[in-house]
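What follows is each chain in one-letter form.
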Amino acid sequence: MRIEKLSKKQKEVLKFGHSPKYKNYNSIICDGAVRSGKTAIMTIAFIHWAMRYFQNASFAVCGKTINSAERNVIEKIFSLSDITSYFDVEYLSSKHKLVVKRGENKNCFYVFGGKDKSSYSLIQGITLSGVFFDEVALQNENFVYQAIARTLSQKGSKLWFNCNPEHPEHWFYKDWILDANGENKRRSFHLHFLMNDNPILSKEEIEKANSLYSGVFKQRYILGKWVAAQGLVYPMFSKDLITNKTNYFGDYYISIDYGTINPFSAGLWVISGQKAIRLKEFYFDSKKQNRQLTDEEYYNELLRFSEGYSIKSVIVDPSAASFIQTIRRHKFFTVRKANNDVINGIRLTGNLLKSGKILINESCKDIIREFSLYCWDEESKQDAVKKEYDHAMDELRYFCTTVLQFDKEFSGKITGKNSNYFLNEKELNEYY
Ligand SMILES: Nc1ncnc2c1ncn2[C@@H]1O[C@H](COP(=O)(O)OP(=O)(O)OP(=O)(O)O)[C@@H](O)[C@H]1O
Ligand SMILES: [Mg+2]
């Protein structure tokens, strides 16, 4: 593809490496909304800058993981004629090394993952003339400073950062973005992107994205604000999502949040067309009942709960090792450990609720109660939920992240990047 039209902010990014206007800046930071055109333009600007001012030099391209840097940046490089028509590019995937040439000139770009433990020690060994941090807020702080340290001895080196907003206590926001907007000791040029800074997004696409997110994720991913999560985790849950109908048919699943002292919560779900319906629940609070159940007793409850349904799989809290073992020993249900990535899971679950794809039968009193109580922990310095009223909430999330986002019927035969209800491809890749 060729970038035909650039927004004003994208033009600034292209000029950053060259124009005298920016000669006093060591780094550029583009933060803001999703799909606002940050990665694409920075990729082009970074490669052109590196090729113009350096020869036989080394650079780093850092993503959250090597895998995500390869998907978001390296693959993009091969698809952009704005790069391939100027330079010969070759990617040596076993070495995670991109070689870019034009005539006699050649530079190498090494790919690192800011959250990959292996990358931290590897980056210590090289001298870099520039670093491109894609999604810097998802990378480890020590890794980022280590990578920056590798550039200090190189004349003319520059740092290129982009990210979506996170919690306002995040180190990158405090140390870099606030600094860029204040005293600017780090000499960073800061640009804030919104979706209308990406010239290919239509009004309809922006509106669609707008309607998908709510709460803190809307503030961050659409409005581009560094805000803390406050209030209810699922404010989009409303009585419109409660149904009295039970005549839904399809694939049946049970999701479980295990507890002995804390409540044990199980939901029986059916995926019917493009909706997932919680038909009934089992919620056992040992404190209220004044007795605790053993794993075998819970297993017998599970058998009773599933009577009359052919259960495709049972998704269980990944930390409930002994209960998972108990289910496996009986060789009756297929059991799967749940994906427990809390914040991405909450975002996905919120999107599904917002888009009306999840319905709750009116008999499920405990999940309905928890929806009205499950809150963000506002005292926390990072995204965290209060660890209370979270039992049905957790198994709902397990079901969404472990089953729904991969179910072809549910997602209308579209999964991953093409489906608006799902994590984008970049986020999805983090799960593998
Ligand atoms: N000027 C442009 N012309 C054509 N396509 C563009 C342009 N700018 C961005 N795009 C395309 O729009 C899509 C989103 O852009 P990009 O991935 O750069 O956004 P982003 O801000 O990095 O998003 P995220 O925060 O989700 O990572 C990409 O497919 C990209 O190639
Ligand atoms: Mg990006």
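Before any of the text, the structure's been laid out above.
(A) How the structure looks around the overall build of the protein. On a plain count of helices and strands, the protein comes out with 16 helices and 15 strands. Relative to its length of 432 residues, the protein is compact, with a C-alpha radius of gyration of 24 Å against a globular reference of 22 Å. For the protein, with 432 residues in total, the buried portion stands at 42%. Considering only intrachain contacts with a sequence separation of at least 6, the fraction spanning at least 24 residues in the protein is 69%.

(B) Region of the structure containing the sheet that holds strand β8 (residues 188–193). The mixed open sheet is built from eight strands, whose spatial order is β3-β4-β5-β2-β6-β7-β1-β8. For this open sheet the edge positions go to β3 (88–92) and β8, each flanked by a neighbour on one side alone. Sheet twist, expressed as the mean angle between neighbouring strand axes with direction ignored, is 15 degrees. Pairing of strand β2 (residues 58–63) with strand β6 (residues 130–134), which is carried by three bridges, proceeds in the parallel orientation. In the sheet register, V61 faces β6, and the bridge partner there is F132.

(C) Layout of the site of ligand 1. Looking at ligand 1, there are 16 residues lining it, with V34, G37, K38, T39 and A40 nearest. Considering every element that reaches the shell around ligand 1, the biggest residue donor is helix α2 (residues 38–53), with three residues. Residues that form the shell around ligand 1 fall into these classes: seven nonpolar, six polar and three charged.

(D) Quick peek at the pairing of strand β10 (residues 251–257). When you tally the buried positions in β10, you get five out of seven residues, the bulk of the element. Where β10 meets strand β11 (residues 264–272), seven bridges bridge the pair, whose relative direction is antiparallel. Within β11, the residue paired with I254 across the bridge is L268. Following β10, the chain reverses through six residues before pairing antiparallel with β11. In the sheet, β10 pairs with strand β13 (residues 311–316) via five bridges, with the strands oriented parallel. Each bridged residue has a counterpart across the sheet, and for S255 the counterpart in β13 is I315.

(E) Quick peek at the sheet that holds strand β14 (residues 335–337). Ordered by their spatial adjacency, seven strands build an open sheet running β9-β15-β12-β11-β10-β13-β14, and the pairing between neighbours is mixed. The open sheet has two free edges, formed respectively by β9 (242–243) and β14, since each of these has just one partner strand. Bridge analysis of strand β12 (residues 275–284) against strand β15 (residues 358–361) gives three bridges, and the strand direction is parallel. Each residue of the ladder has a partner; that of I277, found in β15, is L359. Most of the contacts of helix α12 (residues 321–330) go to β14, to which it runs at about 155 degrees, and overall it touches β13 and β14.

(F) Fine view of helix α13 (residues 342–354). Under the 1.5 Å per step criterion, the end-to-end length of α13 is 18 Å for 13 residues, consistent within 8% with the ideal 18 Å. Counting buried positions over the 13 residues of α13 gives 10, a clear majority of the element. Buried within α13 we find G345, I346, R347, L348, T349, G350, N351, L352, L353 and K354.

(G) Structural detail: the pairing of strand β4 (residues 97–102). Pairing geometry for β3 and β4, over five bridges, is antiparallel. Its bridge partner lying in β4, Y91 is registered against L98. The hairpin formed by β3 and β4 contains four residues between the paired strands, and H96 there has a positive phi angle of roughly 50 degrees. By the bridge criterion, six bridges tie β4 to strand β5 (residues 105–113) in an arrangement that is antiparallel. Each residue of the ladder has a partner; that of V100, found in β5, is N107. What sits between β4 and β5 in their antiparallel hairpin is a turn of two residues, with G103 showing a positive phi close to 60 degrees.

(H) Structural detail: the nonpolar core. Counting residues in hydrophobic clusters, the biggest one holds 57 residues, and the most contacted among them are A60, C62, V131 and W160. A per-element tally of this core places α2 first, with nine residues. If we ignore the near neighbours within four places in the chain, the residues touching A60 are Y110, F112, I123, L128, V131 and A147. Among the nonpolar cores identified, the runner-up in size contains 50 residues, and Y258, I327, A392 and V403 belong to it.

Conventions used here
- Residues numbered from 1 in each chain as written.
- Chains lettered and ligands numbered in written order.
- Predicted model: local features only at pLDDT ≥ 70, side-chain atom pairs only at ≥ 80, totals over all residues.
- Helix = DSSP H or I, 4+ residues; strand = E, 2+ residues; numbered from the N terminus.
- Rg over C-alpha atoms; globule rule 2.2 N^0.38 Å.
- Buried ≥ 20, exposed ≤ 12 C-beta atoms within 10 Å, placed from the backbone.
- Contact = placed C-beta atoms within 7 Å.
- Pairing = 2+ DSSP bridges.
- Axes fitted to C-alpha atoms, helices over the stretch in contact; angles between N-to-C directions.
- Near = placed C-beta within 6 Å.
- Nonpolar A, V, L, I, M, F, W, Y, C, P; charged D, E, K, R; others polar.
- Expected span 1.5 Å × (residues − 1).
- Core = buried A, V, L, I, M, F, W, Y, C linked by C-beta atoms within 7 Å.

Any functional reading would require information beyond the geometric quantities listed.
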